[in-house]
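# Breakdown of the fold
Each chain, written out:
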Amino acid sequence: MNESQRQSLLSAIAISSGIAGFTNITPQQRADAFTNLEQFKSYPGRVAACVEMIGCDSLQFATANGNTADATVPGKLYALGVIQEFLKVGYNGLNDSDRGQLRVSIVTAARQLAMPSVADASIIKMDESKRILAMKIAVLLADLATREFPQRWQTFVTDLFAPVSSGGIWCEPGADAGANTIGVKICLECLKLITEDCTDSDFNAKISTVRRNDILLGFNEVIHQILPLLFELLSKQYGDLNNAKNTLTQMNQYLASSGRTTAQMSPEEKAQYQIQLDKRDAAGAILADELGTIEKFCQSMPLDWMFKVENGVDFVAALLHLLQEDVAKIQ
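Now for a description of the structure that goes with this document. These figures come from a predicted structure and were not determined experimentally.

### Points about the overall build of the chain
Each helix and strand in the chain was counted, giving 12 helices and 2 strands. The linear arrangement of helices and strands in the chain, starting from the amino end, is α-α-α-β-β-α-α-α-α-α-α-α-α-α. For the chain, the C-alpha atoms occupy an extent of roughly 65 × 55 × 35 Å along the three principal directions. Residue burial in the chain is summarised as follows: out of 331 residues, 44% are buried. Put simply, 69% of the contacts in the chain that link residues at least 6 apart link residues at least 24 apart. Across the chain, the 29 positively charged side chains and the 38 negatively charged ones have centroids separated by 4 Å.

And the structure:
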C-alpha cells in the first residue's frame, strides 16, 4: 500500500468513525468511505498494511483543506478488526516466522498504549477511546494465546506481565489507577478470555481438547509469576479506593460543619473533590476488572491457585475481607 492509498484509507476511517474535524459530510462521501473500507478487506496486502498501522505511534493524514487530522484510535481499531477477521480464516496458513511477526506487532501495539506519557502522568480517568482500543487488543492477544501458548509463545508472561519499563505491558509497582494502568486492563481481560475459552462450555468448542489441555498445563507452570502481581494490584487499589472514600467523607463532613453542600464549594474545593472522585472511580474500576478475572479463576481453574498461601499472597483472606463491602459496586 503506497502513501496515497494509506491517506485515502485513513480518510475513509475518519469519515466513517465521525472523528472531530469531519463535519458536513455528504451521504455520497459516507457511501464512498464505506466502499473503500470494505474493498480494503479483500486487498491481498491488507494484513501487512494493518500490522504497519498498529505499529505506528500515531496515524495522521492530510484533509482536503490542507490541515492534518489524527485517526490513531479509529485507525488502529479498524486495523485490529481486519486482523481479527484474518485470524479466523487465514492464520493457519502462515509460517512460523509470519506468525511470530504478527504476534510481536500486536504486543507492540499493546505496549504503545500502555506506555505512560508525560501528558498522562497527572491523568486519573482512563480515556474512553483508549479503553475500547485496549479491549480490542486484549481479544486479539487472547486469541493468539489460545493458538500459540505455551509451545510457540514461550515469552507470554514476560511479554505481558513485566512492567512497561522492562518490556511488558503491566503497570509499574505502586502505580495509581487510571491512564497508567491501561496495560493492566489488557492483561486482566486477556486472562479472563483465555480462561473462558479453555473451560467454559459456552466457549470451549472453539478450540480442541488437546489445545485446551496444553494451555492449562502451560498456565500451571507460569501462574506463580502472575498471581503475586494480581495480589499486589488488589491490595494497592483497594487501599487507594478506601483512602479516596475516606477523604470524600471527611470533605463532606467539613462542608456540613460549615452549613454548605458540594454545590457551594469554591473552585479550588471542587477541583480537589473531583480528584478524589476520579481516584475512587479509577481504583474501583481496576478492582472490578480484577475481581472479574479472579472469579473466572475460582470457578474454572485449580483450587490451589486461590487457596495456596505463599510469600504473603493470601487470596482467601483478601476475598473474605471484601465480603464486608456492603454494596454491589465496589465504589
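### So, the pattern of salt bridges
The tally for this structure, following the rule as stated, stands at 16 salt bridges. The partner of Glu 85 in a salt bridge is Lys 88, with the nearest N and O atoms 3.3 Å apart. Placement of the pair is Glu 85 and Lys 88 together in helix α4 (residues 72-89), with a separation of 3 residues, close to one helical turn. When its relative accessible area of 46% is taken as the criterion, Glu 85 is described as partly exposed. Of the charged contacts, one joins Arg 131 and Glu 128 as a salt bridge, the two residues approaching to 2.8 Å between their closest N and O atoms. In this pair, Arg 131 and Glu 128 are both assigned in helix α6 (residues 128-148), 3 residues apart and thus about one turn of the helix distant. Through salt bridges that share partners, Arg 99, Arg 103, Glu 148 and Arg 152 make up one connected network.

### Considerations on unusual backbone geometry
Glycine aside, residues mostly have negative phi angles, and peptide bonds mostly take the trans form. Put simply, Phe 149 and Pro 150 share a cis peptide bond, and its omega is 0 degrees. Structurally, Pro 150 can be placed in the loop between α6 and α7 (156-161). Its identity as a non-glycine residue notwithstanding, Asn 311 has a phi of 55 degrees, on the positive side. For Asn 311, the position within the fold is in the loop between α11 (304-307) and α12 (315-322).

### Some thoughts on the packing of α6 against helix α8 (residues 182-199)
The geometry of α6 relative to α8 is characterised by a closest axis approach of 8 Å and an angle of 40 degrees between their N-to-C directions. Here α6 lies oblique to α8, going by the angle between them. Where α6 crosses over α8, the handedness of that crossing is right-handed. Contact residues: α6 offers Lys 130, Arg 131, Ala 134, Met 135, Ile 137, Ala 138, Val 139, Leu 141, Ala 142, Ala 145 and Thr 146, while α8 offers Ile 182, Lys 185, Ile 186, Glu 189, Cys 190, Leu 193, Ile 194 and Asp 197.

### Points about the side chain of Glu 189
Among the structural elements, Glu 189 can be located in helix α8. Take Glu 189: its relative accessible area is 16%, and that puts it in the buried class. Apart from residues no more than four positions distant in its own chain, Glu 189 is found in contact with Met 135 and Ala 138.

### Comments concerning the packing of α4 against α6
Close contact between α4 and α6 brings their axes to 10 Å; oriented N to C, the two are set at 20 degrees. By the angle between their directions, the pair α4 and α6 is classed as roughly parallel. Every pair of crossing elements has a handedness; the one defined by α4 and α6 is left-handed. Two secondary-structure elements touch here, α4 through Val 73, Lys 76, Leu 77, Leu 80, Gly 81, Gln 84, Leu 87 and Lys 88 and α6 through Ser 129, Ile 132, Leu 133, Lys 136, Ile 137, Val 139, Leu 140, Asp 143, Leu 144 and Arg 147. Of the residues in the contact of α4 with α6, the class split is 10 nonpolar, 3 polar and 5 charged.

### Examining the packing of aromatic side chains
The final tally for this structure, using the stated rule, is 10 aromatic pairs. Taken together, the ring pairs in this structure connect Phe 149, Trp 153, Phe 156, Phe 161, Trp 170 and Phe 219 into an aromatic cluster.

### Focus on the nonpolar core
Core analysis: the biggest nonpolar cluster contains 96 residues, and Ile 137, Leu 141, Phe 156, Phe 161, Trp 170 and Phe 219 have the highest contact counts within it. With 13 residues, helix α9 (residues 209-257) is the single largest residue contributor to this core. Discounting residues that sit within four places of it in the chain, Ile 137 has contacts with Leu 80, Ile 106, Ala 109, Ala 110, Leu 113 and Ile 186. Of all hydrophobic cores here, the second largest spans 5 residues; its members include Met 251, Leu 255, Met 265 and Tyr 273.

Rules and cut-offs
- Residues numbered from 1 in each chain as written.
- Predicted model: local features only at pLDDT ≥ 70, side-chain atom pairs only at ≥ 80, totals over all residues.
- Heavy atoms only, no water.
- Helix = DSSP H or I, 4+ residues; strand = E, 2+ residues; numbered from the N terminus.
- Buried < 20%, exposed > 50% of the residue type's maximum accessible area, 1.4 Å probe, protein only.
- Contact = heavy atoms within 4.5 Å.
- Lys, Arg positive; Asp, Glu negative; His and termini not counted.
- Charge placed at Lys NZ, Arg CZ, Asp CG, Glu CD.
- Salt bridge = Lys/Arg side-chain N within 4 Å of Asp/Glu carboxyl O.
- Axes fitted to C-alpha atoms, helices over the stretch in contact; angles between N-to-C directions.
- Parallel < 35°, antiparallel > 145°, perpendicular 65-115°, else oblique.
- Left-handed = near helix turned anticlockwise from the far one by under 90°.
- Nonpolar A, V, L, I, M, F, W, Y, C, P; charged D, E, K, R; others polar.
- Phe/Tyr/Trp six-rings, centres within 6.5 Å; stacked < 30°, edge-to-face > 60°.
- Core = buried A, V, L, I, M, F, W, Y, C linked by side-chain atoms within 4.5 Å.

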